Amino acid sequence: MKPSIFDLSHDELKKILTDNKVSGFGATQIFDWLYKKWEFNPENWSNVAKKTREFIQEQYSTELNKIVWNGLSKDGTRKFLVKMYDGQTVEAVAIPARDRLTLCVSSQVGCAVGCTFCHTATQGLKRHLKTGEVVGQYMSVQQWLFDNVGPEEKLTNIVYMGQGEPLHNYENMKRATEIFLHERGLGLGQRRITLSTSGLVPAIEKLALDFPPVNLAISLHSARNDVRTEMMPINKVYDLDRLFAAIKKIPLKAHRRITYEYLLADGVNDTMEDVVALAELLNSKESKINLIPFNEFPGSKYKRPSEQKIMWFLDQMIKRGFTCTIRTTKGSDILAACGQLKSEYDKVNLWNKDEGPVVIPSIANNVVQNQTTR
Ligand code: SAH
Ligand code: SF4
């Protein structure tokens, strides 16, 4: 199996071409064909030297990952099942909102972190995704949208909030981010990419030093160590003290918008005690809180709080001077919402290849409301 050309950053490709004594100059043109002209057949790369094209064809695969299934939610969210070279699959979700079309990409097949509210966690970790498989989710979905919806259907933003813990797959996510940002690559602006992490402290410390500057979201979910440990076993090792010591080292200018994600689970982390702890832990000037009402999935042990409770929590934070929003639940009728992603659908029999996704009415009707900021 040849490695994928999408695994390579511009500089790496340049170096490989130079080291192999084919023109390093070709890297720029090749990136142009791949990421600007969407031409994946080297034979059509008319301004690239024949020797270079032959080298690429011999050494690398230029094929996109296959989309083996897709589903459209009532709210316009589309979920894609993307197949990798070894048959493993991950999900990518395209979420429309106002003038944006955001792609939620996966970073791993499964996840090792084991949060007790997350569907992906029930899979365990199968493997890290390679750089090209992360970039490939974007390329394959964009190509699918061009082919099936129209040329105006352009992805504008990326969030690393699909399956997996992005900082556990640090090097691949770093290289993929470089390709997303590079002017010769996809040329996305820094503010258009958001990395979400459960709080892998050593990687957060490293991120401050060498990760391209993108928006950062921390999955906090509780400001109380005992509650957070119950929800996220990672908190046993990297508790709130260690987490915040690492966050403080991140230069705020580069990572301007630290968002704290706070999943609201009924009776678990939605009491007055939780409000007070959260307001004490965070600085209202530097932090933005994004409340995520728990999305249920088959077999999940938590419950989503009532809308009244969610609004109460929101009000409490706003009263204390915080910028606080509620994340709209999108795509829950096709299990595409946060925390509902899982690759092995055949096992739980949630969708049928011919008839599409099975709609689960209890969660399909559970859409809270649009993003609310006051
Ligand atoms: N592993 C990373 C990114 C992927 S999860 C992280 O944990 O941050 C993206 C977001 O979805 C996280 O904030 C996660 O806590 C949240 N999430 C997971 N399961 C959920 C569920 N069942 N309902 C709502 N949000 C969930
Ligand atoms: Fe992994 Fe994030 Fe799910 Fe936790 S919430 S198990 S870190 S994907």
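What counts, and at which threshold
Residues numbered from 1 in each chain as written. Chains lettered and ligands numbered in written order. Predicted model: local features only at pLDDT ≥ 70, side-chain atom pairs only at ≥ 80, totals over all residues. Heavy atoms only, no water. Near = heavy atom within 4 Å. Polar contact = N/O pair within 3.5 Å; in protein donor to acceptor, adjacent residues only side chain to side chain. Areas by Shrake-Rupley, 256 points an atom, 1.4 Å probe, with all protein chains shown as cover. Nonpolar A, V, L, I, M, F, W, Y, C, P; charged D, E, K, R; others polar. Buried < 20%, exposed > 50% of the residue type's maximum accessible area, 1.4 Å probe, protein only. Helix = DSSP H or I, 4+ residues; strand = E, 2+ residues; numbered from the N terminus. Pairing = 2+ DSSP bridges. Right-handed = clockwise from strand over helix to strand, strands pointing away. pLDDT = per-residue confidence, 0-100. Contact = heavy atoms within 4.5 Å. Axes fitted to C-alpha atoms, helices over the stretch in contact; angles between N-to-C directions.

(A) Up close: the site of ligand 1. Close to ligand 1 lie 22 residues; Gly 164, Ser 196, Ser 219, His 221 and Asn 295 are nearest. Gly 164 is positioned with one of its backbone polar atoms (N or O) 2.9 Å from a nitrogen atom of ligand 1. A distance of 2.6 Å separates an oxygen atom of ligand 1 from a polar atom in the side chain of Ser 219. Protein coverage of the free-state accessible area of ligand 1, which is 530 Å², stands at 96%. Class assignment for the residues of the shell around ligand 1 results in 11 nonpolar, nine polar and two charged.

(B) Here's a closer look at the pairing of strand E4 (residues 100–104). The buried fraction of E4 is high, at four of five residues. As defined by bridge partners, strand E3 (residues 89–97) adjoins E4 across five bridges and the pair is classed as antiparallel. Within the sheet, the bridge partner assigned to Ala 97 lies in E4 and is Arg 100.

(C) Up close: the pairing of strand E12 (residues 323–326). As paired strands, strand E11 (residues 288–293) and E12 are joined by four bridges and run parallel to one another. Bridging across to E12, Asn 290 finds its partner in Thr 325. Once the chain exits E11 it traverses helix H11 (residues 307–319) before rejoining the sheet at E12, and the crossover so formed is right-handed.

(D) Local environment of the confidence of the model for the protein. Mean pLDDT over the protein works out to 88, with 86% of the residues at or above the 70 mark. The model gives residues 344–374 a pLDDT under 50, and that stretch makes 65 contacts with residues more than four places away or in other chains.

(E) Geometry of the sheet that holds strand E7 (residues 157–160). Here 10 strands make up an open sheet; going across it, the order is E1-E2-E3-E4-E7-E8-E9-E10-E11-E12 and the pairing mixed. Every interior strand has two partners, whereas the edge strands, strand E1 (66–72) and E12, have only one. In this sheet, adjacent strand axes meet at a mean angle of 20 degrees when their direction is disregarded.

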